[in-house]
Amino acid sequence: MKVSHVAIVGFGNIGRRHLRILMEIRPEIEVTLVRSGVGEDWPEKKLAKRTVHSLAAAIRKGIDAAIISSPANFHLSQASELAKTGIHLLIEKPLSHTLNGIGQFLKEVSTKGITILTGYVLRYDPAARKFSQMIQTGLLGKLLHA
């Protein structure tokens, strides 16, 4: 799969981080930001080629893939809208705030051959790894609930 144009949906802390990293490792990729128009106008915005205010506008610009970093209650509906047009997806965790509609979404992406990934960066975070090690060795005592 060749990706040359990515939409970043949602431009909070995680969306901005995705943009910075994407521009660092793949500066040739064209980026379109999809913003609600409600949030702050962050300095990282200048790293993107353009900003639009709807998924339909991003699709019309010819995106190949999208990173969904909006609030979790929008993830599944946004992913479904993009998947209908064959857009490959990286969806920040969680995939959805509810299980309703996930089965249908997974069936649709499978049928269309769309690649989807769910972002989960904490497994590589040094503090999270240390905490996990402390739990596993019993240093923190008996785990009662997580």
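Refer to the structure presented above.
Criteria and thresholds
Residues numbered from 1 in each chain as written. Predicted model: local features only at pLDDT ≥ 70, side-chain atom pairs only at ≥ 80, totals over all residues. Heavy atoms only, no water. Helix = DSSP H or I, 4+ residues; strand = E, 2+ residues; numbered from the N terminus. Buried < 20%, exposed > 50% of the residue type's maximum accessible area, 1.4 Å probe, protein only. Contact = heavy atoms within 4.5 Å. Areas by Shrake-Rupley, 256 points an atom, 1.4 Å probe, with all protein chains shown as cover. Lys, Arg positive; Asp, Glu negative; His and termini not counted. Charge placed at Lys NZ, Arg CZ, Asp CG, Glu CD. Expected span 1.5 Å × (residues − 1). Pairing = 2+ DSSP bridges. Axes fitted to C-alpha atoms, helices over the stretch in contact; angles between N-to-C directions. Salt bridge = Lys/Arg side-chain N within 4 Å of Asp/Glu carboxyl O.

Undergrad: With reference to specific residues and values, describe the overall build of the protein chain.
TA: The helix and strand inventory of the protein chain stands at 5 helices and 6 strands. For the protein chain, the C-alpha atoms occupy an extent of roughly 55 × 35 × 30 Å along the three principal directions. Across the 146 residues that make up the protein chain, the buried fraction comes to 37%. In the protein chain, the share of contacts with a sequence separation of at least 24, taken over all contacts with a separation of at least 6, comes to 56%. In the form shown here, the protein chain has an accessible surface area of approximately 9,200 Å², with 57% of it arising from carbon and sulfur atoms. Positive and negative side-chain charges in the protein chain, numbering 20 and 11 respectively, have mean positions lying 4 Å apart.

Undergrad: Mind laying out unusual backbone geometry, listing which residues take part and the relevant values?
TA: The omega torsion across Lys93 and Pro94 is -10 degrees, close enough to zero to call that bond cis. Position of Pro94 among the secondary structure elements: in the loop between strand E5 (88–92) and helix H4 (102–112).

Undergrad: Pulling in residues and values, what's your account of helix H1 (residues 13–25)?
TA: If you check H1, its first and last C-alpha atoms are 19 Å apart, about what 13 residues at 1.5 Å a residue would give, namely 18 Å. In this fold, the buried residues of H1 make contact with strand E1 (5–9), strand E2 (30–34), strand E4 (65–68) and E5.

Undergrad: Describe the sheet that holds strand E6 (residues 116–119), naming the residues involved and giving the relevant values.
TA: Spatial ordering of the open sheet is given by E3-E2-E1-E4-E5-E6, a layout of 6 strands whose pairing is parallel. Each edge of the open sheet carries a strand with a single partner, namely strand E3 (50–52) and E6. Each strand axis lies, on average, 20 degrees off the axis of its neighbour in the sheet, ignoring direction. With 3 bridges joining them, E2 and E3 adopt parallel strand pairing. Looking at the pairing, Thr32 lines up with Arg50 of E3. Sitting on the sheet, helix H3 (residues 72–83) touches E1, E4 and E5, and the angle it makes with E5 is about 175 degrees.

Undergrad: Let's hear about the pattern of salt bridges: which residues, and what values?
TA: Counting across every chain of the model gives 6 salt bridges. The partner of Glu30 in a salt bridge is Arg50, and the shortest N-O contact between them spans 2.7 Å. With Glu30 in strand E2 and Arg50 in strand E3, this residue pair connects regions lying 20 residues apart in the sequence. Judged by relative accessible area, Glu30 falls into the partly exposed class, the value being 22%.

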